Amino acid sequence: MESPFKEDILKGKVALVTGGGSGIGLEISSQFGKHGASVAIMGRRKTILDSAVSSLRSQGIQAIGLEGDVRKKEDAIGVLELTVKHFGRLDILVNAAAGNFLVSAEDLSPNGFRTVMDIDSVGTFTMCHEALKYLKKGGLGRGTASGGTILNISATLHYTASWYQIHVSAAKFLALEWGTDYDIRVNGIAPGPIKDTTGLSKLVPDEAENKIKDYMPLYKLGEKWDIAMSALYLASNAEGTD
């Protein structure tokens, strides 16, 4: 599908995308790069990162892959430092890394609950917290009048909860504080079921996928491109352009 945005809408921007090696995170990385941004993707698995970076570079995108676990503060610090060292600045942080699995609350161990909370909530906060010193300067203050942008990719499960996913239903949050003090835009995107993602394939049996569509407003599953376009709008100054 053709993007409704100008090709250079993110020209000169640098984005760090956690969980950027696959699924929604990779699509966001790809669309950011196609619209002018340089992209660093963070993930725990080197093989997936290498494949994603190769794909991005084949599209003419300036991209690097950085190994790291959002649950570990030292990894967050290291990845952010390497991103800024390589590209010279940081303008956009996208928290797309997530953990999830199907299990009843009765059978869910405290350690399993903690793992998802650590990735989805604590990991998101850790990345935001460590990125603040870069983002509040507007990419280290080089030609940028305002602060940076944070996008948290969430889910809709926390609105009504969901069977077998108490851990992820409790784990989502949006940060709101830094707009006033540092002019950092913090937004959340909460997709419903998105086709061709690991999350959907793991959490929804094949025989249930068609039934899900019957309950969706447009009678179709969302697509990664839809979420990437939303992220692109929120990460840019599109609302102030023709």
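Residues numbered from 1 in each chain as written. Predicted model: local features only at pLDDT ≥ 70, side-chain atom pairs only at ≥ 80, totals over all residues. Heavy atoms only, no water.

As annotated in an unreviewed UniProt entry, the protein chain carries the name 2,4-dienoyl-CoA reductase [(3E)-enoyl-CoA-producing] and comes from Macleaya cordata.

So, on to the environment of isoleucine 64. Tracing the chain through its elements places isoleucine 64 in strand E3 (residues 63-67). Since its relative accessible area comes to 9%, isoleucine 64 is described here as buried. In this view, isoleucine 64 contacts Val39, Ala40, Ile41, Val53, Arg57, His86 and Phe87; residues no more than four positions away in its chain are not counted. (Helix = DSSP H or I, 4+ residues; strand = E, 2+ residues; numbered from the N terminus. Buried < 20%, exposed > 50% of the residue type's maximum accessible area, 1.4 Å probe, protein only. Contact = heavy atoms within 4.5 Å.)

For the rest of this paragraph, the subject is the pairing of strand E1 (residues 14-18). Taken residue by residue, a regular strand's side chains alternate between the two faces of the sheet. Summarising burial for E1: five of the five residues are buried, a large majority. Alternating residues of E1 divide into Val14, Leu16 and Thr18 and Ala15 and Val17, and every residue in both groups is buried. Direction of pairing for E1 relative to strand E2 (residues 38-43): parallel, over a ladder of five bridges. Note that in E2 the partner of leucine 16 across the bridge is alanine 40. Following the chain from E1 across helix H1 (residues 23-34) to the adjacent parallel E2, one finds a crossover that is right-handed. Relative to strand E4 (residues 92-95), E1 runs parallel, the two being bridged by four bridges. When the bridges of E4 are listed, leucine 16 appears paired with leucine 93. (Pairing = 2+ DSSP bridges. Right-handed = clockwise from strand over helix to strand, strands pointing away.)

Moving on, we come to the pattern of salt bridges. Under the definition given, this model contains three salt bridges. Note that aspartate 50 and lysine 46 form a salt bridge whose closest N and O atoms lie 2.7 Å from each other. With a gap of four residues between them, aspartate 50 and lysine 46 both fall in helix H2 (residues 46-58), about one helical turn apart. Its relative accessible area of 45% is what places lysine 46 among the partly exposed residues. A salt bridge links aspartate 69 to arginine 71, with the nearest nitrogen and oxygen atoms 2.8 Å apart. (Salt bridge = Lys/Arg side-chain N within 4 Å of Asp/Glu carboxyl O.)

Turning to the sheet that holds E1, a few remarks are in order. Reading across the sheet, the six strands line up as E3-E2-E1-E4-E5-E6 and stay open at both edges, with parallel pairing between neighbours. The open sheet has two free edges, formed respectively by E3 and strand E6 (185-189), since each of these has just one partner strand. On average, adjacent strands in this sheet sit at an angle of 15° to one another, irrespective of strand direction. Pairing between E2 and E3: five bridges, direction parallel. By the bridge assignment for E3, isoleucine 41 is matched with glycine 65. Each of E1, E2, E4 and strand E5 (149-153) is contacted by H1, which is oriented at about 165° to E2, the strand it contacts most. Each of E4, E5 and E6 touches helix H10 (residues 224-235); the most contacted strand, E6, lies at about 165° to it. (Axes fitted to C-alpha atoms, helices over the stretch in contact; angles between N-to-C directions.)

This part takes up the confidence of the model for the protein chain. When the pLDDT values of the protein chain are averaged, the result is 81; 72% of them are 70 or greater. Counted against residues more than four places away or in other chains, residues 140-145, with its pLDDT under 50, gives 10 contacts. (pLDDT = per-residue confidence, 0-100.)

As a further point, take the environment of tyrosine 233. Its place among the elements puts tyrosine 233 in helix H10. Spatially, the C-alpha atom of tyrosine 233 lies 8.2 Å from that of phenylalanine 5, the residues being 228 residues apart in sequence.

Between two packed helices, what matters for the description is the angle formed by their axes and the separation of those axes. Packing of H1 against H10 leaves a shortest axis separation of 8 Å and a crossing angle of 50°. As judged from the angle between their axes, H1 and H10 are oblique. Considering the relative orientation of H1 and H10, their crossing is right-handed. Contacts between H1 and H10 involve Gly23, Ile24, Glu27, Ile28, Gln31 and Phe32 from the first element and Lys224, Trp225, Ile227, Ala228, Met229, Ala231, Leu232 and Ala235 from the second. By residue class, the composition of the contact of H1 with H10 is 10 nonpolar, two polar and two charged. (Parallel < 35°, antiparallel > 145°, perpendicular 65-115°, else oblique. Left-handed = near helix turned anticlockwise from the far one by under 90°. Nonpolar A, V, L, I, M, F, W, Y, C, P; charged D, E, K, R; others polar.)

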